[in-house]
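Each chain, letter by letter, is given below.
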Amino acid sequence: MCGITGYIGYREAYPIIINGLKRLEYRGYDSAGVMLFDGKQINLAKTKGKVVSLEDKVNLEISNKGFIGVGHTRWATHGIPNDVNSHPHTSQSGNLVIVHNGIIENYDTIKQELVSRGYQFHSDTDTEVLINLIEEIKTTEGVKLGKAVQIALNQVIGAYAIAVFDKAKPDEIVVAKLGSPIAIGVGKNFEEFFIASDASPFIEYTKEAIYLEDEEMAIIKKGRPVRVRKIKDDSLIDPNIQQLKMNLEQIEKGGYDHFMLKEIHEQPDAITDTLRGRLLVDEAIIKLSGLENNMKRFLNADRIIIVACGTSWHAGLVGEYIFEDFVRIPVEVEYASEFRYRNPVITERDVVIAISQSGETADTLAAIKLARSKGAFVFGICNVVGSSIARENDSGAYTHAGPEIGVASTKAFTTQITVLLMMALRLARAKGTMSSSDYRMNLRELELIPGKVEQLLKIDNDVREIAKEYMLSTNCLYLGRGYNFPVALEGALKLKEISYIHAEGYPAAEMKHGPIALIDDRMPVVVIATSKGHYEKVVSNIQEIKSRKGKIIAIVTEGDTIVKEIADHIIEIPEVSEAFSPLLTTIPLQLLSYHIAVMRNCNVDQPRNLAKSVTVE
């Protein structure tokens, strides 16, 4: 949940590191720091606040010269956000420097031992403990930096991605990984290397990258290939250099005020890219190689378990409706964070679908490992090529949404649902639970979804006008039924994430079991009331809200006349079948949250206390 950058080569390191930190701020933004070595001394600056504050501090306090350095943007775990707790951290001698993403769980035990040996600590962080442990090992055992890092990491418990610099070895950086991601960008002829939590900080410099696996470390030295070793047994690994497909345009705002708004408007293309090469309507074919190659495992499964967190969990809930409706197979949807700790009953006849935008979600990764240890078949759905989840599962499918920089997820949600729809349709046809005519009809409708999303995005200005009326609200309810109950949950999550308005989502029928007590003339209630699926029941719920003077914002199908007469505001979506409706009903809810947050002067792309990639428990 923190961002790491680093550089060693022939260019000035500071511009590369500082721009890299700006691109990684979605991973954490409560403090930031940088270390540069100018050939003679270590120059370090760190501060509470965002990277722009760090730039100011560097300009005032240190030299920004040097061809090697590391940087960090933090999401606090140990110690409050302040200058002292910010990374990088130095060892007691001042000769070693570290940046760290993750948590060292046994840091306090190690800290007490180091204190007994005369070490003093200035921060509240586990990271300062780790760098002093490395120094203690390096000094007492008389080993080089790489070996000291390896020995230290065999003593710690937890998760980490680290980059370590030693003033005595000013031409190398040591990096290591367990649980948290780290990428190494490889320059031409090994004349420069880039280090980062993902590839975005160095995409304009190189298209070649090495992604370390768990329990691997690398010694990076200019002018020679990267040396990768196993942390446990010191065995050499032949690193796999991957070709990056990301481009610079994908990670810039492209004229939009915020990444979130850009990503909302990218959804027609994102869904199209997710369908491309997989949905062949004329041939009545869905091609998902990860599914086709394991068809028997799915068809013979006793049940499907979907594990995910946050927005991906909401996509999983939509998946539950889709799979049970189309494929007629029992589905359970679990929070990955709970699944891993409740001793679940898992068998070899279970299929586990793990969903994550980043592919690095710590709880989802742990759930995957648990499921595989019990013999279950694990199918991953994620957006980031080469991510940990993509490597840990038995098979899977990418969403092809493109980089999602805004912390509040938008296009990841709709592309995850798109993949789940394709999977369910293909399995339904293979299992015989859907007729040929219905199958073809559904393929045709799925093909039309990107165009309908494009059409729906034209309501942006209308939604902005509605947002003006509710920007000062303190609470909000979201109601939906069937396939759109998860969309109500997702809409509430979006509002609370970026506007800090308390919002809750409920199945519409549950309103009478408690939430109706909250409704008064100051309570906005967003109701998804499309014409397909329980329409009459939802209309009754709307009337119950209206009789208690609640303010109703209704998402309805084009041409609706009944709800229009009752609701305070209506937002129309194109005609669509119930199973495909979440791909449309979520769009106005994303826009509503966005505009309310902007009007409240909230930081839309970097909401307080949040981070994009949750790589710690």
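Values in this document were obtained by computation on a predicted structure and should not be read as measured data.

Enquirer: Lay out the overall build of the protein chain with the relevant residues and their values.
Expert: Each helix and strand in the protein chain was counted, giving 19 helices and 27 strands. Taken over C-alpha atoms, the radius of gyration comes to 26 Å for the protein chain, in line with the 25 Å a tight globule of 617 residues would show. By principal-axis analysis of the C-alpha atoms, the protein chain measures approximately 80 × 55 × 45 Å. Considering the protein chain as a whole, with its 617 residues, one finds that 60% of them fall into the buried category. Counting only contacts in the protein chain whose residues sit at least 6 apart along the sequence, the fraction spanning at least 24 positions is 72%. Carbon and sulfur atoms make up 48% of the accessible area of the protein chain, which totals about 23,700 Å². Here the protein chain holds 70 positive side-chain charges and 81 negative ones, and the gap between their average locations is 2 Å.

Enquirer: Before we move on, could you go through the pattern of salt bridges and cite the residues and values that matter?
Expert: Summed over all chains, the structure comprises 32 salt bridges. Arg303 is the partner of Asp350 in a salt bridge, and the nearest nitrogen-oxygen pair spans 2.9 Å. On the criterion of sequence distance, the pair formed by Asp350 in strand 20 (residues 350-356) and Arg303 in strand 18 (residues 303-308) is long-range, its members being 47 residues apart. As far as the burial class goes, Asp350 and Arg303 line up, both buried.

Enquirer: Give a detailed account of the sheet that holds strand 25 (residues 524-529), specifying residues and quantitative values.
Expert: In spatial order, the strands read 24-23-25-26-27; together these five strands make up an open sheet with parallel pairing. Since the sheet does not close on itself, it has two edges, and those belong to strand 24 (502-507) and strand 27 (569-573), each with one partner. Along the sheet, successive strands turn relative to each other by an average axial angle of 15°, direction set aside. Bridge count for strand 23 (residues 475-480) against strand 25 is three bridges, and the pairing is parallel. Bridge pairing links Leu477 to Val525 in strand 25. Contacts between helix 16 (residues 460-470) and the sheet are confined to strand 25, strand 26 (551-557) and strand 27, with strand 27 contributing the most and set at about 150° to the helix. Helix 17 (residues 485-499) contacts strand 23, strand 24 and strand 25 of the sheet and is inclined by roughly 180° relative to strand 24.

Enquirer: Lay out the side chain of Gln150 in plain terms, naming residues and giving numbers.
Expert: Take Gln150: it is sitting in helix 5 (residues 145-153). Judged by relative accessible area, Gln150 falls into the buried class, the value being 4%. Among the polar contacts made by the side chain of Gln150, one reaches the main-chain carbonyl oxygen of Lys230 at a distance of 3.5 Å.

Enquirer: Explain the environment of Lys138 to me, and be specific about the residues and the numbers.
Expert: On the secondary structure map, Lys138 appears in helix 4 (residues 126-141). Given a relative accessible area of 24%, Lys138 falls into the partly exposed group. Through-space distance from the C-alpha of Lys138 to that of Ile151 is 9.2 Å; in sequence the pair is 13 residues apart. When neighbours within four sequence positions are excluded, Lys138 is seen to be in contact with Leu96, Val143, Leu145, Ala148 and Asp166.

Enquirer: Can you explain unusual backbone geometry? Please cite residues and give values.
Expert: With an omega of 5°, the peptide bond running from His87 to Pro88 counts as cis. Even without glycine at this site, Asn189 takes up a positive phi of about 55°. Relative to the elements of secondary structure, Asn189 occurs in the loop between strand 9 (183-186) and strand 10 (193-196). On the accessibility criterion, Asn189 (57% relative accessible area) is exposed.

Cut-offs used in this document
Residues numbered from 1 in each chain as written. Predicted model: local features only at pLDDT ≥ 70, side-chain atom pairs only at ≥ 80, totals over all residues. Heavy atoms only, no water. Helix = DSSP H or I, 4+ residues; strand = E, 2+ residues; numbered from the N terminus. Rg over C-alpha atoms; globule rule 2.2 N^0.38 Å. Buried < 20%, exposed > 50% of the residue type's maximum accessible area, 1.4 Å probe, protein only. Contact = heavy atoms within 4.5 Å. Areas by Shrake-Rupley, 256 points an atom, 1.4 Å probe, with all protein chains shown as cover. Lys, Arg positive; Asp, Glu negative; His and termini not counted. Charge placed at Lys NZ, Arg CZ, Asp CG, Glu CD. Salt bridge = Lys/Arg side-chain N within 4 Å of Asp/Glu carboxyl O. Pairing = 2+ DSSP bridges. Axes fitted to C-alpha atoms, helices over the stretch in contact; angles between N-to-C directions. Polar contact = N/O pair within 3.5 Å; in protein donor to acceptor, adjacent residues only side chain to side chain.

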